Amino acid sequence: MESAPGPEIVVDGVRYLYFGGTSYLGLHAHPGVIEAGCDALRRFGVHSATSRQGFGNTPLLMDVERSAAAFFGMESAFYFSSGYAANHIAVQALASGADKVFVDAEAHYCVQEAACLARKPVLTFKHRDAADLRAMLTKGERALVLSDGVTPANGHIAPVRDYIDVLRDFSPSTLHLDDAHGVGVLGPYGRGVFEECGLWEHVNGGPPFQNVALSVCATLAKALGGFGGIIPGAAEFVERTRRHSHYFDGASAPASPVAGCSLEALAICRREPERRDRLRRNVQRLRAGLRALGAPATDEPTPNVGVVLGDAGSMRRAHEELRARGILAPYVPSYSGTGPEGLIRIAVCSEHSFEMIDRLLAALREILHP
Ligand SMILES: Cc1ncc(COP(=O)(O)O)c(C=O)c1O
């Protein structure tokens, strides 16, 4: 990629219409975001080069946390260098409340790895299968259940209410989501899957819902247009989370330019809710158009759709044929949740026009129904 991400990108010198990646609100090349990153770099250098526990806790990092807390409607937030690490941090804090950890079989790599950090027995339940989860639970044992909020490869929302229906019989248990692909997109304020399900007030230090504690972590690097991991929550919850890992006192904080970008991108997300509205309309147009072509697309409100069109060979060919028409919709041979043949992952953002989406659909029609 030789350009910033957006509805169009340059790859190997050629400009393409682009339906990949995760910049769902089209903010990573926003002029204000770029300017804020440059300003932060000039003022604070690359980063403070010491831990936040010492002198390294810059006003910029604290502003990002305040702004993220406001975005999520929470008292506080912990901002650190990686969304991948967010689950590692969250699970270490949640582990003391669990006897066993249960992880969705197709959860993202970072969720699978995080499960082990609880230092408790780890069991794997079938993908998005609450009945299978129930069959593994034992009365009197507290469960910590881990899942993606939205599957990264194909945009399926976790069956949160089904999990809660199961877990309330085994309380006190905890349901934790990595909502990397839901935050910024779903829910009235873009707070993600739990908000979409009407459960936001119960999350990260809120009162348990039906005796089930709800927990979430996320990244600023996708829809929210910045970079780094984020755990918002009640002040006490965030403080406890911070203390259970050593990201605050034993790791470099997010670099100043990305913190500056994240701060401005969060401000834009709050100022311009119409980006989420445009994204929703684009999601509906894409998913309805795919179904009209006979492609298996659900009507979930998520911007990433994974379509399996035949075997790996035909999908690779479809990818190349799209590319020859100036369109990139990546064939992903293998990623968490792709299945044995892989899939074509199509992602829309708020900045795609209907005309762009229709061009993709017309090209797919030519390829699938020659
Ligand atoms: C579900 C999920 N969690 C976490 C991550 C990692 O987040 P980050 O890129 O911010 O480290 C990704 C992919 O990048 C992801 O798809």
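Note that the coordinates shown come from a computational prediction; the quantities given were computed from them, not determined experimentally. (Residues numbered from 1 in each chain as written. Predicted model: local features only at pLDDT ≥ 70, side-chain atom pairs only at ≥ 80, totals over all residues. Heavy atoms only, no water.)

**A look at the overall build of the protein chain**
So the rule is basically this: Helix and strand assignments follow DSSP, with helices taken as H or I runs no shorter than four residues and strands as E runs no shorter than two, numbered in order from the N terminus. Computation of the radius of gyration draws on C-alpha atoms alone. For the globule rule, the value is 2.2 Å times the number of residues to the power 0.38. The buried label goes to any residue with under 20% of its type's maximum accessible area, the exposed label to any with over 50%, and the partly exposed label to all in between, with areas taken from a 1.4 Å probe on protein chains only. In this analysis, two residues are considered to be in contact whenever any of their non-hydrogen atoms come within 4.5 Å of each other.
When helices and strands are tallied, the protein chain shows 12 helices and 13 strands. Against the globule reference of 21 Å for 370 residues, the protein chain gives a C-alpha radius of gyration of 21 Å, in line with a compact fold. In terms of principal-axis extent, the alpha carbons of the protein chain reach across some 60 × 55 × 30 Å. Counting across all 370 residues of the protein chain, residues that qualify as buried make up 54%. At a minimum sequence separation of 6, the contacts of the protein chain that also span at least 24 residues come to 70%.

**Quick word on the sheet that holds strand β8 (residues 212-219)**
Stated formally: Paired strands, in this sense, are two strands between which DSSP finds at least two bridges. Only C-alpha atoms enter the line fits that serve as axes; for helices the fit covers just the stretch in contact. Angles between N-to-C directions range over 0 to 180 degrees.
Ordered by their spatial adjacency, 7 strands build an open sheet running β3-β9-β8-β7-β6-β4-β5, and the pairing between neighbours is mixed. Looking at the sheet topology across the chains shown, the edges are occupied by β3 (76-80) and β5 (122-125). Strand after strand, the sheet turns through a mean of 20° between neighbouring axes, direction not considered. Where strand β7 (residues 173-178) lies against β8, 6 bridges are found, and the strand directions are parallel. Among the inter-strand pairings, His176 is bridged to a residue of β8, identified as Ser215. Contacts from helix α4 (residues 109-117) reach β4 (100-104), β5, β6 (143-148) and β7, with the element oriented near 170° to β4. Of the strands in this sheet, β3, β8 and β9 (229-233) touch helix α8 (residues 235-244), which is tilted by about 140° from β9.

**Considerations on the nonpolar core**
How we decide: For our purposes a nonpolar core is just a set of buried Ala, Val, Leu, Ile, Met, Phe, Trp, Tyr and Cys residues, chained together by side-chain atoms within 4.5 Å. Either an automatic procedure or a domain database provided the assignment from which the domain bounds are taken.
Of all hydrophobic cores here, the largest spans 86 residues; its most connected members are Leu175, Phe194, Leu290 and Ile346. Lining this core are residues from two domains, each supplying at least three of them: domain 1 (8-19 + 273-368) and domain 2 (38-271). Not counting residues within four places of it along the chain, the set of residues in contact with Leu290 comprises Ala295, Ala297, Val305, Val307, Ile346, Leu361 and Leu364. Among the nonpolar cores identified, the runner-up in size contains 14 residues, and Val91, Leu94, Ala98 and Ala115 belong to it.

**A word on the sheet that holds strand β11 (residues 327-328)**
The mixed open sheet is built from 3 strands, whose spatial order is β1-β2-β11. Bordering the open sheet on either side are β1 (8-11) and β11, each of which pairs with just one other strand.

**Examining unusual backbone geometry**
In this chain, Ser171 is followed by Pro172 through a cis amide linkage whose omega measures 0°. Mapped onto the fold, Pro172 is located in the loop between α6 (160-167) and β7. Phi angles above zero are rare outside glycine, and Gln210 is one such case at about 50°. Structurally, Gln210 is set in the loop between α7 (193-196) and β8.

**Quick notes on the packing of aromatic side chains**
Put simply, the rule reads: Between the rings of Phe, Tyr and Trp (Trp by its six-membered ring), a pair exists once the centres lie within 6.5 Å; its type follows the angle of the planes, with under 30 degrees stacked, over 60 edge-to-face, and the other angles tilted. Two conditions define a charge located above a ring, namely a distance within 6 Å from the ring centre to NZ of Lys or CZ of Arg, and an angle within 35 degrees of the ring normal.
Applying the stated rule across the entire model yields 7 aromatic pairs. Geometrically, the ring pair formed by Phe71 and Phe72 is edge-to-face, given 5.1 Å between the ring centres and 90° between the ring planes. Look at Tyr109 and Tyr335: their rings are 5.3 Å apart centre to centre, the planes differ by 75°, and that puts the pair in the edge-to-face class. Of the two residues, Tyr109 is situated in helix α4 and Tyr335 in the loop between β12 (331-332) and β13 (343-347); the sequence distance between them amounts to 226 residues. Look at Tyr335 and you get partly exposed, because its relative accessible area is 34%. Pairwise contacts between aromatic rings join Phe78, Phe80, Tyr247 and Phe248 into one cluster. The ring of Phe170 has Lys139 sitting right over it, with the charged end atom 4.9 Å from the ring centre.

**Side note on the packing of helix α2 (residues 59-72) against helix α9 (residues 256-271)**
Condition: Should an angle fall under 35 degrees it is taken as roughly parallel, and over 145 as roughly antiparallel, whereas 65 to 115 is taken as roughly perpendicular and any remaining angle as oblique. Throughout, a crossing is termed right-handed when the near helix is turned clockwise from the far one, and left-handed when it is turned anticlockwise from it by less than a right angle. Under the scheme applied here, ten amino acids are nonpolar (Ala, Val, Leu, Ile, Met, Phe, Trp, Tyr, Cys and Pro), four are charged (Asp, Glu, Lys and Arg), and all others, including Gly, are polar.
In contact at an axis separation of 9 Å, α2 and α9 are set at 25° when each is read in the N-to-C sense. Judged by the angle between their axes, α2 and α9 are roughly parallel. Our pair here, α2 against α9, has a crossing hand that is left-handed. Counted together, Leu60, Leu61, Asp63, Val64, Ser67, Ala68, Ala70 and Phe71 of α2 and Ser256, Ala259, Gly260, Ser262, Leu263, Leu266, Ala267, Cys269 and Arg270 of α9 form the full contact between these two elements. Tallied by class, the residues present in the contact of α2 with α9 amount to 11 nonpolar, 4 polar and 2 charged.

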